[in-house]
Amino acid sequence: MEKQIARRSASIYVPIALSTGVLFALAANLVGGYPLVAKLGGAVWVGLLSLIVSMPLVTARVKKHWQGR
Amino acid sequence: MAQTIQERSVPVSGMTCASCVAHVERALKELPGISSVIVSLATNKAALKYDPAQVSLADIRRAVDDAGYTVPSDELVLDVRGMTCASCVAHVEGALNELPGVLKASVNLGIGTAHVQYVAGMVTGNQMKRAVHEVGYEALERGAAAAADAVDRERTARQDEIRRQGRNLIIAAGVGLVVMIGTFYDMLGPFKAIVPVFLSYKWVIGLLTTPIVLGPGRQFFTNSWRGLKHGVTDMNLLYATGIGAAYGIAVINTLFPTAGFGGEGATFFESAALLTAFIVLGRWLEALTRGRTSEAIRKLMKLQPKVAHVLRAGQEIVLPADEVEVGDLILVRPGEGIPVDGNVVEGYSAVDESMLTGESLPVEKKTGDAVIGGTLNKTGAFKFRATKVGKETALAQIIKLVEDAQASKAPIQKLADWVAGHFILGVHVLAVLVFIFWFFAGYRAFFNPGSSFILSPYKLGEIGVFGFSLLLSVTVLVISCPCAVGLATPSAMMAGTGKAAEYGVLFKGAEAIEYASQLQAIVFDKTGTLTRGEPSVTDVVAPGGKAAELLRLAAIAERNSEHPLGEAIVREALARGLDLADADVFDSIPGRGIVARAEGKAILLGNRKLMRDHNIDFSSLMPQAEQLEADGKTAMFIAVDQTPAGLVAVADTLKEFSAEAVERLHRMGLEVVMITGDNRRTAEAIARQVGIDRVLAEVLPQDKANEVKKLQAPGRKVAMVGDGVNDAPALAQAEVGIAIGSGTDVAKETGDVILIKDDIRDVVVAIEVAKATMRKVRQNLFWAFVYNTLGIPLAAGLFYPLVSVIISPELAGLLMAVSSVTVTLNTLLLKGFMPSIRHSGGRSLQKAGGLQPAHLPGNAV
């Protein structure tokens, strides 16, 4: 069960983190004037922090949902 | 089948902050069959209520492990004798596996051993041996080291942690200093001559920083990864992201200076190195100081003597104290500790009970007196019979009570834990926002290449938009650690409950401390609490001036009486050293008094009716009699040879320190109320003597709780002080129930606070300790929140547009360490706390007899 919860959770928080990173890169692109490395670095950092934020929240939710079934 | 809920305290290691507490609690609550979980960071224990039919200790351990922490376990090998077959193996395994704290026991019949895996501190080797013995086999422990008790284990674990972090600190600080010298090589001025130039090369600085990050800093990465795998975040993650980001960017800028991350001007190796050093410094100081707040419990544990000199079949044998059995005869010589509770059967001595009662003068012990395990025999030798052993002893009960109190959470702590637990995610969100702001707006608008770090001449210079934004984001993560918030309350509660225990005041929970500090009114039960609960002679009125002679005749007449008033007269006469002969004739007249003949005199002693029946005119003494009765005393008339001879007044008298205690409580601004089932006249007389201005008289025992409720009605916090037995409902109704004079049978008492001694001034001590503790909690929380409130905006660069300086990650790490240590050191100031009674020298030394047997279990009057 633990593995299933982990897999299900990861299928949610990983896309969230990736999208946040991508959104950041797009925003940086739209604003313009940033070197590529800064855009990439920023996207990675924002994505990483988003992963850290979403991981426990999503895992707890999924666990709750799973146990409630 | 009936469900049996078990209560267990399970040690948990690896917790560093309030967030860890929340994670462990959550992990345990998710298990089926767990009905209550309270995890304490201060004691590193989880207090659990669970149904063993639904969840085992092994499940609990697994859940804690899965959450990224550990339940420390140990292994013990027992040599088991007497096993002959597979069924014996099952018996022994069954007996061991049933013990609370045993995770797994496997028995090898071939070599006659039992390997027991158990939770350290929950079960002892002796308990295992006893369990094996009970199913018919003999067990011997292999290796003396295995017999180390829970105290030693806890101390060893703490010392290991201190040693581990100390080692980390030496590496991180030592190498970090070299990194600092290398980084600021250009600013060394004349000292450049003695510093090799290669130390300033970026790749050398990088090489030096790497072992710091991968050595002392590794714990933050491994711990946070363990948590992340299970979807939990803790303080370690803040450090790991901070150190990792600083180190990662520094490596990229060193290896690929043109990559656009700020180049060689933004290689913050020293940030990664010193940040690690400061965080490790914080951990080391915390491990060093945190143990000191729990010294009281260790002192109590140390009181238990290791061995007992037991007399069996006329032989003296030395046994481990926990192998003494009820009924054993034990010999105690001068200077030895008393191993268990019991009653003296032979000998005479003075025993120092100060470690349990807080009283300084040794207490006389003679045949029939109770002795308490853990106290120290001073002068003579005596023998006593064990009445309570193991977990039943007063000392074990006190230790359990203090441990439970330290593991409990005050309402204020629950709020602090909730804040700290949710803080880390909030901080990460904030770190994203800070990064986005500085990346998209702040850098362009406010960045000044001439700006620098606080307390550093180092200019930010060519740092790019990404490097600058990342720096501020990382600093926010590092400075926001809510360690201090998490430590603020439990450390103070731990010190407070320990300090109270030193004075013989046992708080059953942190909630009791919090409420005791907020009291507005205090209700005292009269009989047995404010008064002695037994009548004493208060006045002897002899018109002829021969009071002693009058008392002597009254005592002779009453000598054969079993009436409490008569006993009071005899007691007083004996106390005054009067010589009492036997009465020749004695007759008791119910509802009247007694008629006696002694020394050729006819003595009448009783009430008005007796005198009226015998036509004796007491009109001349009637004004005095009425005055005595108005004062709540019982006036007894004495006539000798048909002539009025005088009066003897008997009353329940105040305890020695009742008036002083009430006066001190008044001075503290509390309303003091007395509650009693007695008639109003007697109650008011006692209240006048003790200085209480509000009396609730003629209240039936079952109505006392209602009266307390009425006092609480305006929203006031009320304490009830009673003897803990018949006042139970009122004690339960009050916010703080204080059971006084309960001797040492503490666990059975109702009430939130137990006063070991029969000294009512300890009510004042309890309130003063509670106030001091809560003061400390508030101070700690204030400083912890001030630190975060000021630190976060500074770290986020709020003032950068105005002052052009920012906090470096390493300075943030130092501030974070300082905040935790400040809170712990502030708590340690409680160690010097002394109640006002001690300050003013008001507490008189205990009289011989001290903790009388009347206050001990089984001897209650």
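A quick note: this is a predicted structure, and the numbers were derived from the prediction, not measured.

Cut-offs used in this document
- Residues numbered from 1 in each chain as written.
- Chains lettered and ligands numbered in written order.
- Predicted model: local features only at pLDDT ≥ 70, side-chain atom pairs only at ≥ 80, totals over all residues.
- Heavy atoms only, no water.
- Helix = DSSP H or I, 4+ residues; strand = E, 2+ residues; numbered from the N terminus.
- Buried < 20%, exposed > 50% of the residue type's maximum accessible area, 1.4 Å probe, protein only.
- Contact = heavy atoms within 4.5 Å.
- Areas by Shrake-Rupley, 256 points an atom, 1.4 Å probe, with all protein chains shown as cover.
- Core = buried A, V, L, I, M, F, W, Y, C linked by side-chain atoms within 4.5 Å.
- Pairing = 2+ DSSP bridges.
- Buried area = accessible area lost by both parts, 1.4 Å probe.
- Salt bridge = Lys/Arg side-chain N within 4 Å of Asp/Glu carboxyl O.
- Expected span 1.5 Å × (residues − 1).
- Arc of directions from axis to C-beta.
- Axes fitted to C-alpha atoms, helices over the stretch in contact; angles between N-to-C directions.
- pLDDT = per-residue confidence, 0-100.
- Polar contact = N/O pair within 3.5 Å; in protein donor to acceptor, adjacent residues only side chain to side chain.
- Parallel < 35°, antiparallel > 145°, perpendicular 65-115°, else oblique.
- Left-handed = near helix turned anticlockwise from the far one by under 90°.
- Nonpolar A, V, L, I, M, F, W, Y, C, P; charged D, E, K, R; others polar.

With that out of the way, let us pick up the overall build of chain A. Broken down by element type, chain A carries two helices and zero strands. Within the span of chain A, comprising 69 residues, buried residues form 41% of the whole. Restricting to contacts in chain A with at least 6 residues of sequence separation, those with at least 24 account for 74%. Carbon and sulfur atoms form 68% of the exposed surface of chain A, whose accessible area is close to 4000 Å².

Time to look at the nonpolar core. Residues B:L28, B:F507 and B:V763 are the most contacted members of the largest nonpolar core, which totals 87 residues. No other element matches helix α26 (residues 762-795) of chain B, which puts twelve residues into this core. Contact partners of B:V763, with chain neighbours within four places excluded, come to B:I522, B:F524, B:L665, B:V721, B:I738, B:I740 and B:L755. Counting 69 residues, the second largest nonpolar core, distinct from the first, contains A:A38, B:I249, B:L275 and B:C481.

So, on to the sheet that holds strand β13 (residues 363-365) of chain B. All names here are of chain B. Strand order across the open sheet formed by three strands is β13-β12-β15, with antiparallel pairing between neighbours. The open sheet has two edge strands, β13 and β15 (376-377), and neither has a second partner. The sheet contact formed by strand β12 (residues 349-352) and β13 spans three bridges and is antiparallel. Of the residues in β13, the one forming a bridge with A350 is E364.

This part takes up the interface of chain A and chain B. The interface is formed by 24 residues belonging to chain A together with 28 residues belonging to chain B. Carbon and sulfur atoms supply 78% of the area that chain A and chain B bury against each other, a total of about 2200 Å² over both sides. Three residues, A:Y34, A:W45 and A:I52, lead the burial of chain A against chain B; their summed loss comes to 28% of the area buried on that side. Linking chain A with chain B are zero salt bridges.

This next bit is on helix α6 (residues 202-214) of chain B. The periodicity of an α-helix, 3.6 residues per turn, causes residues three or four places apart in sequence to face the same way. Between its first and last C-alpha atoms α6(B) spans 18 Å; for 13 residues at 1.5 Å apiece the expected length is 18 Å, and the two agree. When α6(B) is considered as a whole, its buried residues turn out to be B:K202, B:V204, B:I205, B:G206, B:T209, B:I212 and B:V213.

The next point concerns helix α24 (residues 704-712) of chain B. Residues and elements named next belong to chain B. Where α24 is concerned, the buried positions are K704, A705, E707, V708, L711 and Q712. The arc that holds the buried residues of α24, viewed along the axis, is 160°, so those residues lie on one side. Each element contacted by the buried residues of α24 is listed here: β19 (521-525), β26 (671-675), β27 (694-696), β28 (718-722) and α25 (728-733).

Residues and elements named next belong to chain B. Strand order in this open sheet of six strands is β20-β25-β24-β23-β22-β21, and the pairing throughout is antiparallel. Of all the strands in the sheet, just β20 (531-541) and β21 (585-589) have a single pairing partner and so form its edges. When strand polarity is set aside, the average angle formed by the axes of neighbouring strands in this sheet is 20°. Judged from the seven bridges that link them, strand β24 (residues 634-640) and strand β25 (residues 643-654) form a sheet pairing that is antiparallel. Considered in β25, the bridge of T634 is made with V650. Helix α18 (residues 547-558) rests against β20, β21, β22 (593-598), β23 (601-606), β24 and β25 of the sheet, and its axis sits at about 85° to β23.

Here we come to the confidence of the model for chain B. Low-pLDDT portions of the prediction should not be read for the details of their coordinates. Residue and element names in this part refer to chain B. The predicted model of chain B has a mean per-residue pLDDT of 80, with 86% of residues at 70 or higher. Predicted confidence for residues 143-148 stays below pLDDT 50, and this span has six contacts to residues more than four positions away or in other chains. Contacts of residues 841-861 to residues separated by more than four positions or lying in other chains number 53 contacts, the stretch itself having pLDDT below 50. Prediction confidence for the complex, expressed as pTM and ipTM, is 0.67 and 0.95 respectively.

All names here are of chain B. Looking at the element boundaries, S804 is found in the loop between α27 (800-803) and β31 (805-806). At a separation of 3.4 Å, a polar atom in the side chain of S804 contacts the side chain of N448. Dropping the residues within four chain positions of it, S804 is found in contact with N448, S451, S452 and F799.

Another point: the pattern of salt bridges. All names here are of chain B. On inspection of all chains with the given rule, the structure shows 29 salt bridges over all chains. For E336, the salt bridge identified is with R333, shortest N-O distance 4.0 Å. Residue classification places R333 among the partly exposed positions, given a relative accessible area of 32%. When salt bridges that share partners are traced, they join E660, R664, D759 and R761 into one network.

This brings us to the packing of helix α1 (residues 18-29) of chain B against helix α2 (residues 57-66) of chain B. Residue and element names in this part refer to chain B. Closest axis-to-axis distance for the α1/α2 pair is 9 Å, and the angle between their directions is 140°. Regarding the angle of α1 to α2, the classification is oblique. The two elements α1 and α2 meet at a crossing, and its hand is right-handed. Here V24, A27 and L28 of α1 come into contact with α2, specifically with I60, A63 and V64. Residues belonging to the contact of α1 with α2 are distributed by class as follows: six nonpolar, no polar and no charged.

All names here are of chain B. In this sheet, strand β6 (residues 113-119) lies alongside strand β4 (residues 73-81) in antiparallel orientation, the contact comprising seven bridges. Residue pairing for β6: D79 is matched across the bridge by T113. One ladder, built from four bridges, connects β4 with strand β7 (residues 138-141); its direction is antiparallel. Directly across from L78, in β7, lies its bridge partner E141.

Here we come to the environment of B:G467. One can find B:G467 in helix α14 (residues 465-479). Counting along the chain gives 221 residues from B:G467 to B:A246, while the straight-line C-alpha distance between them is 9.5 Å.

Residues and elements named next belong to chain B. Although it is not a glycine, A313 adopts a positive phi angle of roughly 50°. One can find A313 in the loop between β8 (307-312) and β9 (315-320). Judged by relative accessible area, which is 82%, A313 ranks as exposed.

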